[in-house]
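Given next are the chains, with one letter for each unit.
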Amino acid sequence: MKTIIIFIISLFAISANANENAPIISDESQECIDCHATITPGIVGDWEKSRHAITTMEEASAKSELEKRISISEIPESMSGNVIGCAECHLNNPESHKDTFEHFGYSVHTIVSSDDCAVCHPKEQEEYSHNLMANAYSNLVDNPLYQTMVNSVTSTQMYNDSGFDISEPNHFTEMASCLACHGTKIEVEGFVERETELGELSFPVLKGWPNQGVGRIDPDGSVGSCTSCHPRHEFSIEVARKPYTCSQCHKGPDVPAYKIYEVSKHGNIFSSNNKDWDFDHVPWTIGEDFTAPTCATCHISLLVDSDETVIAERTHRMNDRLDKRLFGLIYAHPHPVSGNTSIIKNNEGLPLPTSLTGEYASDYLIDEVEQVTRRNNMKNICRSCHSSGWVDGHFDVLDKTIEETNAMTLSATKLMIKIWENNLADNSNIFDEAIEKEWVEQWLFYANSTRMSAAMSGADYGVFADGRWQLSKNLREIHDWYELRMMMSK
Amino acid sequence: MKTIIIFIISLFAISANANENAPIISDESQECIDCHATITPGIVGDWEKSRHAITTMEEASAKSELEKRISISEIPESMSGNVIGCAECHLNNPESHKDTFEHFGYSVHTIVSSDDCAVCHPKEQEEYSHNLMANAYSNLVDNPLYQTMVNSVTSTQMYNDSGFDISEPNHFTEMASCLACHGTKIEVEGFVERETELGELSFPVLKGWPNQGVGRIDPDGSVGSCTSCHPRHEFSIEVARKPYTCSQCHKGPDVPAYKIYEVSKHGNIFSSNNKDWDFDHVPWTIGEDFTAPTCATCHISLLVDSDETVIAERTHRMNDRLDKRLFGLIYAHPHPVSGNTSIIKNNEGLPLPTSLTGEYASDYLIDEVEQVTRRNNMKNICRSCHSSGWVDGHFDVLDKTIEETNAMTLSATKLMIKIWENNLADNSNIFDEAIEKEWVEQWLFYANSTRMSAAMSGADYGVFADGRWQLSKNLREIHDWYELRMMMSK
Amino acid sequence: MKTIIIFIISLFAISANANENAPIISDESQECIDCHATITPGIVGDWEKSRHAITTMEEASAKSELEKRISISEIPESMSGNVIGCAECHLNNPESHKDTFEHFGYSVHTIVSSDDCAVCHPKEQEEYSHNLMANAYSNLVDNPLYQTMVNSVTSTQMYNDSGFDISEPNHFTEMASCLACHGTKIEVEGFVERETELGELSFPVLKGWPNQGVGRIDPDGSVGSCTSCHPRHEFSIEVARKPYTCSQCHKGPDVPAYKIYEVSKHGNIFSSNNKDWDFDHVPWTIGEDFTAPTCATCHISLLVDSDETVIAERTHRMNDRLDKRLFGLIYAHPHPVSGNTSIIKNNEGLPLPTSLTGEYASDYLIDEVEQVTRRNNMKNICRSCHSSGWVDGHFDVLDKTIEETNAMTLSATKLMIKIWENNLADNSNIFDEAIEKEWVEQWLFYANSTRMSAAMSGADYGVFADGRWQLSKNLREIHDWYELRMMMSK
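Per chain, the residues get numbers from 1 upward, laid out in the order the sequence is written. Labels follow written order: the first chain is A, the first ligand is 1, and so on. Under the rules for a predicted model, residues below a pLDDT of 70 receive no local features and side-chain atom pairs below 80 are neither given nor counted, while totals for whole chains, interfaces and linings still include all residues. Excluded from the side-chain calculations are hydrogens and water; all other atoms, namely the structure's heavy atoms, are used.

1. Some points on a negative patch on the surface
All names here are of chain A.
Okay, step 1: A cluster of like negative charges, contributed by Asp27, Glu28, Glu31 and Asp34, occupies part of the molecular surface.
Okay, step 2: For helices the rule is a DSSP run of H or I covering at least 4 residues; for strands it is a run of E covering at least 2, with both sets numbered from the N terminus onward. Along the chain, the position of Asp34 falls in helix α2 (residues 27-39).
Okay, step 3: For Asp34, a relative accessible area of 53% corresponds to the exposed category. Surface patches are defined over residues having more than 30% relative accessible area and no salt bridge, joining like charges when they lie within 9 Å and nonpolar side chains (Val, Leu, Ile, Met, Phe, Trp, Tyr) when within 5 Å. Per-residue and other accessible areas were derived by the Shrake-Rupley procedure at a 1.4 Å probe size, with only the shown protein chains allowed to occlude residues. Each salt bridge in this description consists of a side-chain nitrogen of Lys or Arg and a carboxyl oxygen of Asp or Glu lying within 4 Å of one another. For this count, His and the chain ends are skipped, Lys and Arg are scored as positive, and Asp and Glu as negative. In this description, the location of a charge corresponds to atom NZ of lysine, CZ of arginine, CG of aspartate or CD of glutamate. Remark: exposure states derive from per-residue accessible area (1.4 Å probe, protein chains only) relative to the maximum for the residue type, with buried under 20%, exposed over 50%, and partly exposed in between.

2. A closer look at the interface of chain B and chain A
Okay, step 1: Listed as interface residues are 69 residues of chain B and, on the opposing side, 63 residues of chain A.
Okay, step 2: The contact between chain B and chain A buries some 5,900 Å² in all, and 62% of this surface belongs to carbon and sulfur atoms.
Okay, step 3: Between the two partners, chain B and chain A, sit six salt bridges.
Okay, step 4: Close ionic contact of Glu262 of chain A with Lys251 of chain B constitutes a salt bridge, the shortest N to O distance being 2.9 Å.
Okay, step 5: Within 3.5 Å is the distance limit for a polar contact, defined as a pair of N or O atoms, with the added protein rule that one can donate a hydrogen and the other accept it, and that residues adjacent in sequence qualify only through two side-chain atoms. Linking chain B with chain A are 19 residue pairs in polar contact (both at pLDDT 80 or more), by the criterion used here. Any two residues whose heavy atoms approach within 4.5 Å are treated as being in contact. Joining two parts hides part of their accessible area as seen by a 1.4 Å probe, and the buried area is that hidden amount summed over both.

3. Digging into the nonpolar core
Okay, step 1: Remark: nonpolar core denotes a set of buried residues (Ala, Val, Leu, Ile, Met, Phe, Trp, Tyr, Cys) joined through side-chain atoms within 4.5 Å. Among the nonpolar cores identified, the biggest contains 45 residues, and Met149, Ile419, Phe431, Trp439, Val440 and Trp443 of chain B are the most heavily contacted of them.
Okay, step 2: At eight residues, helix α19 (residues 434-456) of chain B tops the list of elements feeding residues into this core.
Okay, step 3: When near neighbours in sequence (up to four residues on either side) are disregarded, Phe431 of chain B contacts Leu145, Thr148, Met149, Ser152, Glu436, Lys437, Trp439, Val440 and Trp443 of chain B.
Okay, step 4: By size, the runner-up hydrophobic cluster in this structure holds 44 residues, among which are Val463 and Phe464 of chain B together with Tyr331 and Ala425 of chain C.

4. Some points on the sheet that holds strand β9 (residues 310-312) of chain A
Okay, step 1: Reading across the sheet, the three strands line up as β7-β8-β9 (chain A) and stay open at both edges, with mixed pairing between neighbours. Lying at the two open borders of the sheet, with one neighbouring strand each, are β7 (284-285) and β9 of chain A. Here, a strand pair is defined by DSSP locating no fewer than two bridges between the strands.

5. A look at the relation of the copies chain C and chain B
Okay, step 1: Only residues with pLDDT of at least 70 in both copies contribute their C-alpha atoms to the least-squares superposition of the copies. For the pair chain C and chain B, the relating rotation is 120°, the translation along its axis is 0.0 Å, and the fit reaches an RMSD of 0.0 Å. Taken together, the rotation and translation relating the two chain copies correspond to the operation of a three-fold axis.
Okay, step 2: Interface overlap between copies is the fraction of interface residues in one copy that are interface residues in the other; for chain C against chain B it is only 4%, indicating separate surfaces.

6. Notes on the relation of the copies chain B and chain A
Okay, step 1: The two copies are related by a screw operation: chain B maps onto chain A through 120° of rotation and 0.0 Å of translation along the axis, at an RMSD of 0.0 Å.
Okay, step 2: Looking at chain B, a mere 4% of its interface residues are interface residues in chain A too, so the copies touch through different faces.

7. Quick notes on the pairing of strand β1 (residues 100-103) of chain C
Residue and element names in this part refer to chain C.
Okay, step 1: Two strands pair when backbone bridges link them, and β1 and strand β2 (residues 106-109) are joined in this way by four bridges, in the antiparallel orientation. Within β2, the position partnered with Glu102 by the bridge is Ser107.
Okay, step 2: Hairpin remark: β1 followed by β2, antiparallel, with two residues in the connecting loop; positive phi at Phe104, about 55°.

8. Remarks on the pattern of salt bridges
Okay, step 1: Summed over all chains, the structure comprises 60 salt bridges over all chains.
Okay, step 2: Of the charged contacts, one joins Glu127 of chain C and Lys123 of chain C as a salt bridge, the two residues approaching to 3.0 Å between their closest N and O atoms. Of this pair, Glu127 of chain C and Lys123 of chain C both sit in helix α7 (residues 122-128), separated by four residues, roughly a single helical turn.
Okay, step 3: For Glu127 of chain C, a relative accessible area of 13% gives the class buried.
Okay, step 4: Connected through salt bridges with shared partners, the residues Glu238 and Lys242 of chain A together with Lys275 and Asp276 of chain C form a single ionic network.

9. Notes on the interface of chain C and chain B
Okay, step 1: Taken together, the 69 residues of chain C in the interface contact 63 residues of chain B.
Okay, step 2: Regarding the contact of chain C and chain B, the summed buried area is about 5,900 Å², with carbon and sulfur atoms giving 62% of it.
Okay, step 3: At the junction of chain C with chain B, the criterion picks out six salt bridges.
Okay, step 4: Asp161 of chain C is paired through a salt bridge with Lys418 of chain B; the nearest N and O atoms lie 3.9 Å apart.
Okay, step 5: Put simply, chain C and chain B have 20 residue pairs in polar contact (both at pLDDT 80 or more) between them.
Okay, step 6: A per-element tally of the side of chain C that touches chain B places helix α19 (residues 434-456) of chain C first, with seven residues.
Okay, step 7: Under the scheme applied, nonpolar residues are Ala, Val, Leu, Ile, Met, Phe, Trp, Tyr, Cys and Pro; charged residues are Asp, Glu, Lys and Arg; polar residues are all the others, including Gly. Of the residues in the side of chain C that touches chain B, the class split is 32 nonpolar, 21 polar and 16 charged.

10. With respect to the side chain of Ser50 of chain B
All names here are of chain B.
Okay, step 1: By secondary structure assignment, the location of Ser50 is in the loop between α3 (41-48) and α4 (57-61).
Okay, step 2: By relative accessible area, which is 2% here, Ser50 ends up buried.
Okay, step 3: There is a polar contact of 3.1 Å between the side chain of Ser50 and the backbone nitrogen of Ala53.
Okay, step 4: Other than its neighbours up to four places away in sequence, Ser50 contacts His233, Glu234 and Phe235.

11. Digging into empty space enclosed by the protein
Okay, step 1: Only protein atoms enter the 1 Å grid used here. Points where a 1.4 Å probe fits but cannot escape make up a cavity, open sets with protein on both sides within 12 Å along at least five of seven lines make up a pocket, and a residue lines them when an atom lies within 4 Å of a point. Grid points are joined across faces, edges and corners, and a volume is the space filled by probe spheres set on the points. Under the criterion given, the structure shown has eight cavities of 30 Å³ or more.
Okay, step 2: Taken as a whole, the second largest cavity encloses approximately 80 Å³ of empty space.
Okay, step 3: Together, Val153, Thr154, Ser155, Thr156 and Thr173 of chain A together with Glu404, Thr405, Met408, Thr450, Arg468, Leu471 and Ser472 of chain C line the second largest cavity.
Okay, step 4: Those elements that provide at least two residues to the lining of the second largest cavity are α9 (144-154) of chain A together with α18 (388-421) and α20 (468-488) of chain C.
Okay, step 5: Per-class residue counts for the lining of the second largest cavity are three nonpolar, seven polar and two charged.

12. Concerning the confidence of the model for chain A
Residues and elements named next belong to chain A.
Okay, step 1: The share of residues in chain A with pLDDT of 70 or more is 96%, and the mean pLDDT across the chain is 94.
Okay, step 2: Per-residue confidence from the prediction method is given by pLDDT, with values spanning 0 to 100. Contacts of residues 1-19 to residues separated by more than four positions or lying in other chains number 15 contacts, the stretch itself having pLDDT below 50.
Okay, step 3: Interface confidence for the predicted complex, given as ipTM, is 0.95, next to a pTM of 0.95.

13. So, the pairing of strand β5 (residues 187-196) of chain B
Residue and element names in this part refer to chain B.
Okay, step 1: Sheet topology places β5 next to strand β6 (residues 199-207); nine bridges connect them, and they run antiparallel. By the bridge assignment for β6, Val188 is matched with Leu206.
Okay, step 2: The hairpin formed by β5 and β6 contains two residues between the paired strands.

Take a look at the structure:
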């Protein structure tokens, strides 16, 4: 409603001086648009709806500190006076981009990297670089144990009448599976001439492309992809603030965060009421712009109350408000110190944040003081809508759930150790046999889901929807399997 | 569109006498807001968007019978003249609330109970008290058989090299699992002093808090939680009428109602068109305010046609339109007479509405006459958009599905009885072993999903999505398990 | 916003000549409405919101070629001068409809068939008739192998202490399961007198009703149901263009297309931004009306750029843009030539598009030239928003995924052949035993999901959400089952 009022009031004003306020597009960008409006109309149309298309650096800089969306104090000369169009990004730093190609007199690169974005948003890039997500490519690829698991999932297994011939991991398969979310490393394999409507043109041949994973490594060497959450050419804060963005990678049984959010009270209120909320306002005002949090609210956004008192600073280092890591590993554990987890070694010498039986690799994990600080950062946001008693009660439930799900995983692991000791399964690869995959599901699916359900109050994901029901059933199925084989081996 | 027209027409009128129409907030409520606008801005902002914040009891009472949202004829003196603010609810009946605490000179209680709501909405509370949902806490906790099942899901099982040491059920675990939907019993454990921005203050320490389950028992002893469906401080009829609210507890594999609705024609039309519907209009006008039903339409709402002829009376006793209970139990059966099911005994002496082999505990279930009445209540709503032939055909399919899913459960149960008789499983607890949990899934997941799919025309949930595919596969898996063990025991 | 501007500008104009522009309803339709506005208010209200209710054939014909929604050049006399009301459809071709009945002097039929729609939309009906979907009833019912599978899913299995007594397939069960999506064959079983508010009236008794499946065969013999995607009485292009429509049949584990779309970048942008898009504009303008595709965009719609240059012609023959069939069968394969697949025979004489070990029944499948044509039709749409390099890279990933998932299915099939050869399962019915159903899930669930995930970039459905994780785990479980039985039989 507010939007409509403002809109009507401004209608006449706008029409009066429409020409004066027309966005100033640089000559270079205009030249791009002249062709691409018909060659790739979707991109151009998307950009035309963006804030980039209507805002000059001068206007962006003139905003108050709370309203500002850029994090530089001086405007780069190349950006001055114009809105942010095609050329302002795709012509950035041409020498550092291995995918730069000659295109109608310009040195263009296909992939706008986080280094390109950092020309105007350096603070955001720097913060983001400390995330597990920014390091998601190397965290997976440089961890030999994880690679064993990846290969046992993605390789093709040809049955040969007695067992399986296993294929080598394939580049395209990795793109379609793990690296779709983790990000690929994009490499320039050469250049190719293509026949186009405008004659023969040269384009780079890119390995690992297309990809929009969070830890993508771009041809200029920069790490972490901004387009994962601010997609395509609208770069919309609304899209990033809505939970659908996070759901792209956080919805499956291994990370059911979005599904749990959906059935939480927060998710219910979001789904019912978000049509009336303001997802574009910076700073984001609690109670005014929205009345229930999305993922971004609790993990990233700059939040204020209606007096513009800051409740939480914006952070693209998303673990600033996270004391524990709940998912992805065998046991929940204190958050890793560094976003780069490939350096971690547990007391068994394995690259894991805990041992197989749950002891923490403490040197690589945040200490108790830091855990308290981060939890308080989160609780402070909760208290914008909930009493201290509510908030404390909520986290008591979460802590108990972490303790119990870790214990239920330990039981399954003890059974697996028996199974390996009795040569009922072969532990040279602990991820490839059916019974081993049941063990993995104990922690990767059911313990994860149960913990996340406690973290976000999404009840059935803690019970019948990959929750305690499956956690207790799966444990008994592993036991059943073990007992049967032991009986037969006698 | 209609909204916008009315809005534009009223723009000038509103601006002319804005001051005269400003909501009258009681002094007590204003005092709350003065601090809480910055301490808990989310709550205050939420309330400001509510009907409570702009409506006095006099205005609410002056509505026509069809438009009225309150169910009292005389205005309580304490409520007169003001809008319904913080004090009007949180200061209600202080002596009956064990969580009442002294707060800046006021006797405040944290939890607004259904008895508090009933000051203005007594009919709704009374109706709701007859639901299974209102009794969901005691129906679960006071039924020893259900408690066995709950414990076999929620207890921690520590593997001890030969079997499992089972933990006692834990209070926090119950909060995070079954009672998240069923509701907790909230008890005052004492009071605590907290250091706050406004000095040291005293607050109640609440066991079982936070919780928003439908059958929550509040510290004043009142049963059933209104906030489950009318959440937080907006108390929105729009939220309650949208299906996301019901999805919070009715989405998992045990009760996939929302997922089935989503893929039904009703759900498709809702998802595609609801942005143009009026979810705030009372009475709710079929064909005008909306063109496809949500959960509330069929189960609760007051429905009229465009002449304001009543098609269905509002009822918060949601089983008024339900002849059968389709989910949650071993067999579908006529709806229980009372919302309190802990009193039921079957012919085996068990607290179940049917025997293990499917015979009804008829004394506790509604008779055929009442079943016909309730089904006709529902059919009458269907006929607002569908011909009699359509409606009858739809229910023929449902009846056949109930018969067949009950038969497929009986087959699984007969197999389980064999398994127990042959000591392949231990029936001292019929819910804890892997094979027993497979049997539970036969009825709790697959028969349920198949029946609900027939009830709401959500096809794949009757086939491949926890439907007949799994129903037939799971039966054969139980048979496979049984045959293998029998072969080995020879 | 655009909508609002236009709206405000037209407000005065509209009010000035409201009477002149009132829709002209035929006398026959008005007579229907006079009663049905109170008897079935939902239907009438729905129709009143439709384009049919405000558009005469003359107005529809006067549109430019690109804007036109009808595909006839001459207006049928019976349709001239009026908007399209009840009578214009329900009184069409009365003699060909076996469900025609006398109703207050009119020869009315209940079910508006695709032949009725084809009076004004013949091109759309003709195109649609070439789809697998239009033939979905007979493709299922006339294929004896598929019928074996259907019966092994839908029949009731009564346990008799040694095995199972299998029921005959039941008509109502088929309606509630496979035929809910595939469509029923609706037959007139007779006529019945019903007591109504308006006295005793006669109505047809319809077998197979209600149903909205895509291949429904109506009582006039016409094949294929328009209401599946253009539901009820609003016949909305907006509903058909939104993905919720497709999700009704394409969401389960056998066809998880919608779930994959939801977590794709396309789906994320749709969910976040579609409130601002124009789903009613014809032709559909890329970058202007929308900035990310829905199902309809890629598979059906007429697409133009902002200069109204056509990017893709509208087609209701949805396989015009599909080179491969990814789901539903044992192996992915080139698209069938004909929408009628019951004529196909593989080299084993079975009615399948491939042999059990994957060789194509090439005579019945499109050749490589046609595959290239169709893939280029699709790629052309992709290139509206993506570079050629992006698009080629995307399809390389899909092709590799098809190859590997087919190989993983072949491994499972080879194991099954061993199982059948060793009499561990009975291949007289290859779909009814537990281990056979595991084999079916290898291709029907996991290979399907993995391929669709590659086709639509929905990562976790290619990994942990019924993807490669389950594909590799299930293969090993079948192997485990086989090894255990072989060990026991020694």
